Structures are given as C-alpha cells and as structure tokens.
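Inside the fold
Listed here are the chains, written in short residue letters.
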Amino acid sequence: MKRVRAVYSTVILITAALFFWSARVYVLGILAMELVFPVLLRLLLFADRRQMQISIETRPASVAGQNLSIYLQVRSSRWIAAGMLEAVLEVENKLLGAMETIPVTIGLSKRAVAVYLPYMPKGCGQTEIRLKQIRCCDIMGLNTVTVETPKPARVTVYPERLPLGVSADSSLSGFQEGAQQTISRRGNDPSEVFELREYRPGDDVRSIHWKLSGKTEEFLVKESSDTSHYSTMVLLDAGLMAGTRRCGEELLSAAVGLALTFSEKLLDLGVLHYIGLPACERLHFRQITEQAEYVKMTDTWMGLTLEGQAGEGLKLFLADPLYSSCRHMIYITAGAFPTELDMIPVDMRMTAICIQPDGDEVRVTRKGLGVLMEIPQERLKESVYNIAI
C-alpha cells in the first residue's frame, strides 16, 4: 500500500509540473480529479464499513495436537470501494499463558467472503480467538479505515490422552476415623450437619449458604461435617517457568494430561482421591468419586491459569488442612523438580513425576518412601507406562 501511495503521489506531482509548464486548462482539470479521487474513495470506504459484518467461528472443543479450523466470514449487502481486509488473528491460551498471532488478508470480491484458517493448538486450555488491528483498504490501495473488532470465539482444548497404566493397593481409598473404609459423598439431606468454608472456584453454587454469606460479605459453602477422608492426593504443580527456563506449551500440556490421566485411572480402580492445581495464589482441589466430578473438574482446570513457577502448589498444599489426611501423594510437574519438593516429609509415600522437555532415558530415584521419576516428553507419548502406587 505504501508503494501505491508513493506512485500516486508521484503522478500528482508530474501532473502539477505539466500544468505549471503548459498552463493548459485540461491539465488543471486532470490534476483536480487526481486530488479529489482519493477523498471520494475514502468517503465510499466509510460507507462500506457501516455495512460490514465480521464473524469468527470454530468448534467448541478440540484436543491438543489436532487440527482446528477457524472460520472467518466478512459480509455486506454491497461493496463500493472496499477491496481488501487486513487483520491480526490472536489466539490466546488462558491455562498456559501463551499467545500466538497470525496475519490475515481477505480479498473482498464477493458480498460474503469466507476463509478457513487451519490451526493446530499446541497445548490444552481454554483458548480465545480474537481478530485485532482490522483495517479495510479501498480497491486502489490509497485509503484504509479501521474496523470494529468482532465478538471473539472460544474453544476448550483438552490434553491428549496418554498411554498410562496405574495399579494401586487397597490402602489408597477413602477411610473413616476409627472405622472401616467408606465413601465420602455430599448429600442434600436437610438434616445433615454442615461445616462452612470459603467458596472455591468449581464448587456447586447450590451449596452456598446465602444467608450467612450476606452477613459476612463473602461466599461461604456448606460442607458435610462427616469424618470421611481421601488418603490420596494428585497434585499438578507445573508452572509457566521451571527455574529460569520457560516451559513450552506442549510440555505443560503433557503434564496436565498426565495428572488428568492419573485421576481417571484411579477412578477406574475405585480409588477415591483429591486432585489439585495451584492457580491465582490458591490451591484449587476437588474430590473425585465419580465420572461427573472428574468431567467438571477437567472443565474447571481448562479455564484457570498456571502459576508462574513450579513449587507453589506444594507450599499451598502443606499449609492446607487436607495435608493431615494425605497418606500418598502423586506429584506431577514439568521441566525440573522444584526445590520445594524437599519440604515433603521422608515418611510420606509419594510418587513424583517430572516431564522433561528432552532426553531419551527414564530416570528413577528413591527418596525415603517416595519414588521420583523423570520421563522425557516424547517417551511419555510413545511408550506405555505401568506405574504402581
């Protein structure tokens, strides 16, 4: 466009020079039309902009590593001066804190122009697709006008399923103090005794104690006061950074997928457990006793944002009352084991897994009653691992 404007300006200067040299009236008329023509085009371009409608569409859910088509459509009842649309497509992954930009150019040769853009999400998480810096150019390339940003599209990208086998002993299910093993379930019986705690994202809004919440000016949730516990905790403690090194989207997505796969396998084995993820300086955890809770927890995770550094989850977990009932922790991180791992008592049973961005070999070490595994990212997808906990 800069070249077109430069050429047109040169033509105007040449015409002006001819007029001063010849003093002919018709040359003056040509010069006047050359000056008026861009102004007329701009006015017509404003009229086209008022009629323009832009939309972004994609399917609501996808899987990391699979192709995803982004559908852009530009419509108008008629085009007078508009010739081309230029914009920047922004794809933001909320969970992994990643942003990708794609330049887009659309020729406006028809009343309705549709463009399919292939896109492959590298990582999981709630993803927002926006069209920014939109400019409409006239057919000559002399004028541009900005265009209003359309409503963004959103897609939930789930992690890839990993080939993982898990075996567990019978001591990892729920237990009740001084009694036999039980399953802790929330009930709707009004005769139940409840405890109150602060609302956490992912809690059922029906469990909010609205009367007391209004008095305390903070949301309080009713929680059954039975003495049931889950002795197993799956903790995903991956951060956007591992030390001074930024973790890639694929690496973090693999860590999320591994934690979710562990939870699903434990559920298949009948092992009741908690699963937690640190985000926004708090530990988001949930009881998993049935498939519906697992699905709800997965959707909640996709809308969060990972902490900046790994290790924050361990700090929050050790300060949480839930820690006192934990007998076995399945700890998952990415990039490198954080130094906070030394805070775990040596007498706690722990299965700690760190997904490495590179390497060829799986390394296993022991620390007290804990087992530390370092698995290369590519090996995690290619090989089937049977992990006993």
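What counts, and where the lines are drawn
Throughout, a residue's number is its position along its own chain's written sequence, starting from 1. At least 70 in pLDDT is required for a residue's local features to be given in this predicted model, at least 80 for side-chain atom pairs to be given and counted, and no such filter applies to totals for whole chains, interfaces and linings, which use all residues. Working from all heavy atoms in the structure, the side-chain values ignore hydrogens and water. Here the term buried applies to any residue with accessible area under 20% of the maximum for its type, exposed to any over 50%, and partly exposed to those in between, with areas from a 1.4 Å probe on protein chains only. Each helix is a run of H or I in the DSSP string that is no shorter than four residues. Each strand is a run of E no shorter than two, and both are numbered from the N terminus. Only centres within 6.5 Å qualify two rings of Phe, Tyr or Trp (six-membered ring in Trp) as a pair; their planes then separate them into stacked at under 30 degrees, edge-to-face at over 60, and tilted for everything else. Basic side-chain nitrogens of Lys or Arg form a salt bridge, by our definition, when they fall within 4 Å of a carboxyl oxygen of Asp or Glu. Points on a 1 Å grid over protein atoms alone make up a cavity when a 1.4 Å probe fits among them but cannot get out, and a pocket when they form an open set with protein on both sides within 12 Å along at least five of seven lines; lining residues each have an atom within 4 Å of a point. Grid points are joined across faces, edges and corners, and a volume is the space filled by probe spheres set on the points. When residues are grouped by polarity, Ala, Val, Leu, Ile, Met, Phe, Trp, Tyr, Cys and Pro land in nonpolar, Asp, Glu, Lys and Arg in charged, and all others, Gly among them, in polar.

On to unusual backbone geometry, then. Unusually for a residue other than glycine, Ala-23 sits at a positive phi of about 60°. For Ala-23, a relative accessible area of 57% puts it in the exposed group. Not every positive phi belongs to a glycine, and Glu-281 is a case in point at roughly 60°. Considering the arrangement of structural elements, one finds Glu-281 in the loop between strand E18 (273-279) and strand E19 (282-288). For Glu-281, a relative accessible area of 71% puts it in the exposed group.

Moving on, we come to the packing of aromatic side chains. Within the structure shown, the criterion is met by 4 aromatic pairs. Measuring from ring centre to ring centre gives 5.7 Å for Tyr-274 and Phe-285, while their planes differ by 80°; the resulting arrangement is edge-to-face. One end of the pair, Tyr-274, is in strand E18; the other, Phe-285, is in strand E19, and 11 residues separate them in sequence. Between the aromatic rings of Phe-317 and Tyr-323, the centroid separation amounts to 5.7 Å while the plane-to-plane angle is 90°, which identifies the pairing as edge-to-face.

Quick look at the pattern of salt bridges now. Two side chains bearing opposite charge may form a pair once their charged atoms approach each other closely. Using the criterion set out here, one finds 13 salt bridges in the structure. One salt bridge connects Arg-130 with Glu-128, and the closest N-O pair in it is separated by 2.6 Å. When sorted by exposure, Arg-130 lands in the same class as Glu-128, which is buried. Among the salt bridges present, the one from Arg-363 reaches Glu-374, with a minimum N-O distance of 3.5 Å. Here Arg-363 is found in strand E22 (residues 363-367), whereas its partner Glu-374 is found in strand E23 (residues 370-376), with 11 residues between them in sequence. In this structure Arg-363 comes out as partly exposed when scored by relative accessible area, which is 47%. One network of salt bridges, with partners in common, ties together Glu-90, Glu-92, Glu-128, Arg-130, Lys-132 and Arg-154.

With that settled, consider empty space enclosed by the protein. To find leftover empty space, a probe the size of one water molecule is rolled over the atoms. On inspection of all chains with the given rule, the structure shows 3 cavities of 30 Å³ or more. In this model, the largest cavity occupies a volume close to 80 Å³. Around the largest cavity, the lining residues are Ala-64, Lys-122, Pro-159, Glu-160, Leu-162, Glu-250, Ser-253, Ala-254, Gly-257 and Lys-381. Looking at the lining of the largest cavity residue by residue, the classes come out as 4 nonpolar, 2 polar and 4 charged. Of the pockets and cavities examined, the second largest cavity occupies roughly 60 Å³. Around the second largest cavity sit Val-91, Glu-92, Asn-93, Ala-98, Met-99, Glu-100, Tyr-119, Pro-121, Lys-122, Gly-123, Thr-127 and Glu-249, which together line it. Of all elements in the fold, only strand E4 (82-93) and strand E5 (98-107) reach the threshold of two or more residues within the lining of the second largest cavity. When its residues are assigned to classes, the lining of the second largest cavity shows 5 nonpolar, 3 polar and 4 charged.

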